[in-house]
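Residues per chain are reported as follows:
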Amino acid sequence: MNARLAVLDPGAPTAARLRPGRAPGRPRTILPAPDGSGLVLDGHILKAAGLADRLGLPDGGSPARTTEQARTAEQILDVALARLGIDALGGLRGDFALARHDGRDGSCLLAVDAMGHRALYYAVVDGCLYAASRPGLLLGFPELPDTPDPEALAYRLYDLQHLAPERTPYRHINLLPPGHALLWRDGALTLRSFWSPIPRRSVRYRRDDDYVAAARELLDRAVADRMPETGPFLCHLSAGLDSSAVVTAAAQQRDRMFHTVTVRPDPTVAAIHDPARHFIDEWPRVQPLLAMYPQITGHGVDAGLPSLAEEEMGGFFWSRDLPLPSLHSAGWLYPPVRDLARRLGVSVVLSGGYGNATISHDGRLGLADALRRGRMLQAMGFMKRRARRGTGLARTLWHNGIRPLLPFGHRLTRRARAGLPANPWADFVGVRMDLADRLGLSAVDPTPPSRTGSPDLDRQIAGIEAMRVRRAGFGFLTTADGIEIRDPTADLDLVEFCLAIPRDQYHRNGIDRYLARRMLAGRVPAPIAAETRIAPGQPEWFAWADQRRDWIRAELERIERSPLAREVLDVALMRKVFDDWPASAEEAAKPPRVHLMRHALGHGLRVGQFLYRLEKRND
């Protein structure tokens, strides 16, 4: 038995590892050794002290531990796995990936945290197990082929990776799904889940305020656990609920000074937004919040179109690992935050990426729950604000109340009669129709499966499951360039609490995101807690695409000449969308053109680039 682990050495500064001209970390080989077992841990384990107490061992430190403490944490974990096996993983909290060789039987255990903050990819070739934190590192082994997997790319283009979480764009490389362990013994693989978002308990309190107090306590603790013990750190801060919740939770640690970063739209181009639904510049809106907390230093940074150098080999958007999801979507957020963090000497950034699926879940399918249980007064309460906002009672009743209760077959029949695919996004995906039909992707019901009896809880669970796989797939972005992004809203204790409380804690009397708004009361200015609009994602997308129109044309021509790309993509549709280029940002923002440009062309272009570069074409 031979198991090889290729990870970037957690003990070395990441910035030095990834600086241009420097080679990545060397692969580490785990082999049977005279002294028995060996463990490699990437990331951090929370509450290691509790685990140590149960095992009668010393404390294991915190995420910001010293090198000596890190070794202690690994020793504690090594003992726990030796004594309890995979059962030890269910009690672990933190962001981690690990590999452990057992000297007693020659087996190897791989595991990743439940929420996808760290990733492990693995492959089996000629009876040998290979594992790495990125696919590109595995491809450094010459015996591993880089054969693409068209079907996995089709799932990715449909944003349905969670239906095939193990598959990657490479046929011979698999992703270890979040919350799973893989045991390799005697040449055989055993995959086992040690955590599931389906709740195992219910949380019921006598008073509404108790839910708010409990959620605040869990979030405050999650933020404190993820703050570095010393030195500066940075928090994302928008004018929305989730990042505001994280920032104000950090501010409860009154002895800590810290920084926030708010990304403003590119001031040099027109931004697409709907004033009724969006607020376009968040920086002025967060000023009253910053004024409440003197320990916070706020920074507003402008988004900017990344340079073409970032599109070339070694740049931010060129990766052997995975195709990014769309044109410049990551560039709107990561480069300005990364650059500010470097200037401030920050290595930890706190964000609230999971918030929409946890503390600020909107609870809108609670209407279906109320109808299912025959609670008509509660159902009428769900529709109050909709009536005030003029969104239409009939539309709300159908989409949030009746439709989620109908069986999939009924919905499929209705859409078929109207000449529509079961999946409403099927017309906007640049995948070859024969490939999509073979996989049945156009017929995938986007409505979450019924597993708990509550349409709203099923939807919340489905959102968490999809985000876990998506986060794991792009985990390399959260630990790149010496900067680690940590998300307290994905704390496992907080997630389990949010899944266990009653549905009316998320939506009541027409107020959505009811829990988050009450959590923020008194911690943020009232307009932020009451805001129903959102910031548009990458509002400059068309202006930036328009500036790069010649470059997009050249990339599309390369894709059209690539046999690999034509095997996956509907290049005729992509060409049609490109040739029908809008004359203005206003035209680009109108459906269905906005979906065709951003999905069929934008997502398709990234996958096409990945494939033709994989082909090693030199034209």
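This write-up is about the structure you can find in this document. (Residues numbered from 1 in each chain as written. Predicted model: local features only at pLDDT ≥ 70, side-chain atom pairs only at ≥ 80, totals over all residues. Heavy atoms only, no water.)

This structure, assessed with the given rule, holds 42 salt bridges. The residue R338 makes a salt bridge to E310 at a minimum N-O spacing of 3.5 Å. On the criterion of sequence distance, the pair formed by R338 in helix 9 (residues 329-344) and E310 in the loop between strand 13 (296-302) and helix 9 is long-range, its members being 28 residues apart. Considered together, R338 and E310 belong to a single accessibility category, that of buried residues. When the shortest N-O distance is used, the salt bridge between R613 and E555 registers 3.8 Å. A residue pair is termed long-range when its members are at least 10 positions apart, and R613 in helix 25 (residues 593-614) and E555 in helix 21 (residues 549-560) qualify at 58 residues. Overall, the relative accessible area of 5% leaves E555 in the buried class. (Salt bridge = Lys/Arg side-chain N within 4 Å of Asp/Glu carboxyl O. Helix = DSSP H or I, 4+ residues; strand = E, 2+ residues; numbered from the N terminus. Buried < 20%, exposed > 50% of the residue type's maximum accessible area, 1.4 Å probe, protein only.)

Another point: the sheet that holds strand 15 (residues 484-486). Across the sheet, five strands lie side by side as 13-12-11-14-15; this open sheet has parallel pairing. The open sheet has two free edges, formed respectively by strand 13 and strand 15, since each of these has just one partner strand. Across the sheet, the axes of successive neighbouring strands diverge by a mean angle of 30 degrees, strand direction being ignored. Examined bridge by bridge, strand 11 (residues 234-236) and strand 12 (residues 258-264) share three bridges and lie parallel to one another. Paired with C235 across the bridge in strand 12 is T260. The strands that helix 9 touches are strand 11, strand 12, strand 13 and strand 15; relative to strand 12, the one it contacts most, it runs at about 150 degrees. (Pairing = 2+ DSSP bridges. Axes fitted to C-alpha atoms, helices over the stretch in contact; angles between N-to-C directions. Contact = heavy atoms within 4.5 Å.)

The step from P591 to P592 runs through a cis peptide bond, and the omega angle for that step is 0 degrees. Among the secondary structure elements, P592 is positioned in the loop between helix 24 (585-588) and helix 25. Positioned with a positive phi, D126 is a non-glycine residue whose angle comes to about 50 degrees. With respect to the helices and strands, the residue D126 is situated in the loop between strand 6 (121-125) and strand 7 (128-132). The backbone of N509 shows a phi angle near 50 degrees, a positive value even though the residue is not glycine. Looking at N509, the relative accessible area reads 44%, which means it is partly exposed.

Attention now moves to the nonpolar core. Grouped together as the largest cluster of nonpolar side chains are 70 residues, with contacts concentrated most on L441 and L569. The biggest single contributor to this core is helix 25, with ten residues. With residues up to four places along the chain from it excluded, the contact list for L441 reads A154, Y155, Y158, L160, N423 and A436. By size, the runner-up hydrophobic cluster in this structure holds 44 residues, among which are C235, Y293, I359 and L520. (Core = buried A, V, L, I, M, F, W, Y, C linked by side-chain atoms within 4.5 Å.)

The antiparallel open sheet is built from five strands, whose spatial order is 3-4-5-9-10. The sheet terminates laterally at strand 3 (38-46) and strand 10 (188-193), the two strands that pair on one side only. Across the sheet, the mean angle from the axis of one strand to that of its neighbour is 10 degrees, orientation sign disregarded. Sheet analysis places strand 9 (residues 180-185) next to strand 10, joined by six bridges and oriented antiparallel.

To continue, consider the side chain of H259. Summarising the element assignment, H259 is placed in strand 12. Reaching out from H259, the side chain makes a polar contact with the side chain of H299 at a distance of 2.9 Å. (Polar contact = N/O pair within 3.5 Å; in protein donor to acceptor, adjacent residues only side chain to side chain.)

The element strand 4 (residues 93-101) is largely enclosed, with a buried count of nine among its nine residues. Residue alternation in strand 4 divides its side chains into two sets, R93, D95, A97, A99 and H101 and G94, F96, L98 and R100, and both sets are buried. Note that strand 3 and strand 4 share nine bridges and pair antiparallel. Bridging across to strand 4, D42 finds its partner in A97. For strand 4 and strand 5 (residues 108-112), the ladder comprises five bridges, and the chain directions are antiparallel. In the sheet register, R100 faces strand 5, and the bridge partner there is L109.

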